[in-house]
Amino acid sequence: MSVAPFLRSAGILLCLSTFGSAGLPQALIPVDHRAMHRTISYEEMSSFLQQIVRPGFITVTEEGRSTQGRKLFLVRLNRGGAKARFRVLYYAQQHGDEVAGKDAQLTLIRDLARHPDLLPEDVDLYLMPMLNPDGAEAHRRTNGVDADLNRDHLLMAQPETRALQQLARRIRPHLAVDSHEFGRDGDGYRAKGWEAWPIITMDGANHPLIPGYLKRAGMEAVASAAPLLQKAGHAYRRYSVGGPPPEEETRPSTPEVDDGRNGMGTLGALSFIIESGVRHRASDPQADLGERVDGYRILYQHLLGNRPWRNRIRKLAERARREPLPPFIATNVFWANRDGKVSTVKITEAASGRVLDVPTANDMTDLVVKGSVPTPRAYVIEASAAARFIPVLEAQGLRWETLVAPRRMRVERCRLLRLEEPYDDLYQRYKDRQIVERLAVADLDLPVGSLLVPLDQDLARRAIQLLEPCLLYGLYGYPGFRDLARPGASLPVSRVF
Ligand SMILES: [Zn+2]
């Protein structure tokens, strides 16, 4: 897609004066965001947002509170009113110590406040710049009760993730972007005298339940951003996780749905994660903050695209929401190098700054389905487990029926054989994969108090991810649900045909 210049030309940046008494001092957000070298705190952001409101254009609301009572701000920019049909949600700092996305969003808001005409009239732009203010204040990844918010989009046990997902269900964005940072100078790289090459990376949603046309549009946008970042002098590649090549494996973002990116994707949005690279061991890790902020700004701008792109994405996202469920649900997927191809991974030699191409066959870029089950008509939750499930069904916005009389249905129960596999350091998840046996389908009388969750509902994909008992990495790996899965016993959720 071609992208009109938007907020980046030097002329625009130079004509911005200090925001003056009505906002942040220039020292905090320099006129040119590329000169930033210090992140903006919760308190500074709060006072900035209170003063940035522009009736009829910029509104600031509170979408909820963190576990320690801090405000979760939502900023909405819309100058087209009802004509603004392309809804965009940019959110950041779920991990409190990953700051650049928030800083990029605040500079974007500042610049749009000065130059409203730079926001296309057909764009309805929502921003949640700081989803984890407690973690931000404590300079740590987790929230105020030490939960990792970007592993909470399935259970939604935390108020911060509930606020974000409630917003997403209310506005149904066509495009959504999560914003993170990764370490460029991890132990494995340092031991080799290297550091990870990119300063800015992006990946799309990849969950198997997201229609292929939506995932392909995301990958197109990831690829077409490359020349823009190259022109601005920023090292850029598709986001991947993993250790140094060629020995260590690298793979794209996780295909699970407990993160924001796939959570939004399964709601029917073109959904991305952006990760910028931090040198944690540098004497001042924020010395190059402005460079990371600029990488973010280029990608945020790139994803708004031009009007034909926005119209195309809006239609694709709306089509994905109406898309019938597939006949089979992938229950076991993994990343592989299907053809054994040798690819090159770029690294930076720390001492010289030279960029090297390292050949590897351990770059796993193909998502392979190893197991699937037929899609059921509904799921039924045993009455004895209903109290445990109802808060999650509510948090997910799912529709269900509590049986008030016994009902005869064709039911497939599943039995847990065992939980296995240790923690996966690469994805920071995947303890306890579920080895499950499907039992024969039988006509059963479901007792009073059972919860019936039909799949003919708007959020059916979320219901599947939450309830499907055959998923290799499902609900029973989570602490609050582990005790419901006893090896040898049937699981409390069954498949209904
Ligand atoms: Zn993160």
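Residues numbered from 1 in each chain as written. Predicted model: local features only at pLDDT ≥ 70, side-chain atom pairs only at ≥ 80, totals over all residues.

A.B. asks: Tell me about the overall build of the protein chain, and name the residues and values.
C.D. replies: When its secondary structure is counted, the protein chain shows 14 helices and 23 strands. Computed over the C-alpha atoms, the radius of gyration of the protein chain is 23 Å, within 12% of the 23 Å expected from 2.2 N^0.38 for a compact globule of 497 residues. Taking all 497 residues of the protein chain together, the buried fraction comes to 46%. Excluding contacts between residues fewer than 6 apart, the proportion of contacts in the protein chain whose partners are at least 24 apart in sequence is 78%. (Helix = DSSP H or I, 4+ residues; strand = E, 2+ residues; numbered from the N terminus. Rg over C-alpha atoms; globule rule 2.2 N^0.38 Å. Buried ≥ 20, exposed ≤ 12 C-beta atoms within 10 Å, placed from the backbone. Contact = placed C-beta atoms within 7 Å.)

A.B. asks: Break down the nonpolar core for me, with residues and values.
C.D. replies: With 108 residues, the main nonpolar core has Val88, Leu299, Tyr379 and Val453 as its most contacted residues. Here the element with the most residues in this core is helix 10 (residues 289-304); it accounts for eight residues. Among the nonpolar cores identified, the runner-up in size contains six residues, and Ala196, Trp197, Val345 and Ile347 belong to it. (Core = buried A, V, L, I, M, F, W, Y, C linked by C-beta atoms within 7 Å.)

A.B. asks: Outline the sheet that holds strand 6 (residues 194-196), supporting the account with residue identities and numerical values.
C.D. replies: The strand order across the open sheet formed by three strands is 6-13-14, and the pairing between neighbours is antiparallel. Only two strands of the sheet have a single neighbouring strand rather than two, namely strand 6 and strand 14 (355-360). Taking the axes of each pair of neighbouring strands and ignoring which way they run, one obtains an average angle of 50 degrees across the sheet. Strand direction decides the pairing type here: strand 13 (residues 343-349) and strand 14, joined by six bridges, are antiparallel. Each residue of the ladder has a partner; that of valine 345, found in strand 14, is valine 358. (Pairing = 2+ DSSP bridges. Axes fitted to C-alpha atoms, helices over the stretch in contact; angles between N-to-C directions.)

A.B. asks: An account of the environment of threonine 360 is needed here, citing residue identities and associated values.
C.D. replies: On the secondary structure map, threonine 360 appears in strand 14. With residues up to four places along the chain from it excluded, the contact list for threonine 360 reads Pro245, Pro246, Ser343 and Val345.

A.B. asks: How would you sum up unusual backbone geometry? Please name residues and give values.
C.D. replies: Here proline 245 and proline 246 are connected by a cis peptide whose omega angle stands at 0 degrees. Positive phi is not limited to glycine here, since histidine 139 has a value of about 55 degrees. Of the residues examined, histidine 139 has 10 C-beta atoms within 10 Å and is grouped as exposed. Although it is not a glycine, arginine 172 adopts a positive phi angle of roughly 45 degrees.

A.B. asks: Hey, could you go over the confidence of the model for the protein chain for me, with residue numbers and the actual values?
C.D. replies: Across the protein chain, the average pLDDT comes to 92, with 93% of residues at or above 70. Counting interchain partners and residues more than four positions distant, the pLDDT-below-50 stretch residues 1-22 has 33 contacts. (pLDDT = per-residue confidence, 0-100.)

A.B. asks: Which residues make up the sheet that holds strand 16 (residues 378-381), and what are the values?
C.D. replies: Strand order in the open sheet formed by six strands is 17-22-16-23-18-21, and the pairing between neighbours is antiparallel. The open sheet has two edge strands, strand 17 (401-402) and strand 21 (442-446), and neither has a second partner. Looking at chain direction, strand 16 and strand 22 (residues 451-454) are connected through four bridges and run antiparallel. Across the sheet, tyrosine 379 pairs through a bridge with valine 453, a residue of strand 22.

A.B. asks: Now, about helix 3 (residues 100-114): what can you tell me, with residues and values included?
C.D. replies: Over its 15 residues, helix 3 extends 21 Å from the first C-alpha to the last, a length consistent with the 21 Å expected when each residue adds 1.5 Å. The buried count for helix 3 comes to 12 of 15 residues, which makes it a mostly enclosed element. If you check which residues of helix 3 are buried, you get Ala100, Gly101, Lys102, Asp103, Ala104, Gln105, Leu106, Thr107, Leu108, Ile109, Asp111 and Leu112. (Expected span 1.5 Å × (residues − 1).)

A.B. asks: Can you break down the pairing of strand 3 (residues 86-91) residue by residue, with the values?
C.D. replies: Among the six residues in strand 3, six count as buried, and that is most of the element. Alternating residues of strand 3 divide into Phe86, Val88 and Tyr90 and Arg87, Leu89 and Tyr91, and every residue in both groups is buried. Bridging between strand 3 and strand 4 (residues 123-128) involves six bridges; their strand directions are parallel. Along strand 4, the bridge assignment pairs valine 88 with leucine 125. On the question of chirality, the crossover connecting strand 3 to the parallel strand 4 by way of helix 3 is right-handed. (Right-handed = clockwise from strand over helix to strand, strands pointing away.)

A.B. asks: Outline the domain arrangement of the protein chain, listing residues and values.
C.D. replies: Looking at the assigned domains, one finds that the protein chain contains domain 1 (10-322), domain 2 (328-369) and domain 3 (376-496). The C-alpha-based centres of domain 2 and domain 3 are spaced at 34 Å. (Domains from an automatic or database assignment.)

A.B. asks: Break down the packing of helix 3 against helix 10 for me, with residues and values.
C.D. replies: Taken N-terminus to C-terminus, the directions of helix 3 and helix 10 make an angle of 65 degrees; their axes are 8 Å apart at the nearest point. One way to sum up the angle between helix 3 and helix 10 is to call them roughly perpendicular. Once helix 3 is placed against helix 10, the crossing between them reads as right-handed. Residues Ala100, Gly101, Asp103, Ala104, Thr107 and Leu108 of helix 3 form the contact with helix 10, whose own contacting residues are Leu289, Arg292, Val293, Tyr296, Arg297 and Tyr300. Split by residue class, the contact of helix 3 with helix 10 holds seven nonpolar, two polar and three charged. (Parallel < 35°, antiparallel > 145°, perpendicular 65-115°, else oblique. Left-handed = near helix turned anticlockwise from the far one by under 90°. Nonpolar A, V, L, I, M, F, W, Y, C, P; charged D, E, K, R; others polar.)

A.B. asks: Explain the pairing of strand 2 (residues 71-77) to me, using residue names and the numbers behind them.
C.D. replies: Among the seven residues of strand 2, five are classified as buried, and the element is accordingly described as predominantly covered. Pairing geometry for strand 1 (residues 58-65) and strand 2, over six bridges, is antiparallel. Pairing of isoleucine 58 across the sheet is with leucine 77, part of strand 2. Between strand 1 and strand 2, which pair antiparallel one after the other, the connecting turn spans five residues, and glycine 69 there sits at a positive phi close to 90 degrees.

A.B. asks: Explain helix 13 (residues 460-467) to me, and be specific about the residues and the numbers.
C.D. replies: Counted residue by residue, helix 13 has eight buried out of eight residues, so it is predominantly covered. Those residues of helix 13 that sit buried are Ala460, Arg461, Arg462, Ala463, Ile464, Gln465, Leu466 and Leu467. Turning to helix 13, the residues buried within the fold contact strand 12 (328-336), strand 16, helix 12 (386-396), strand 22 and strand 23 (493-496).

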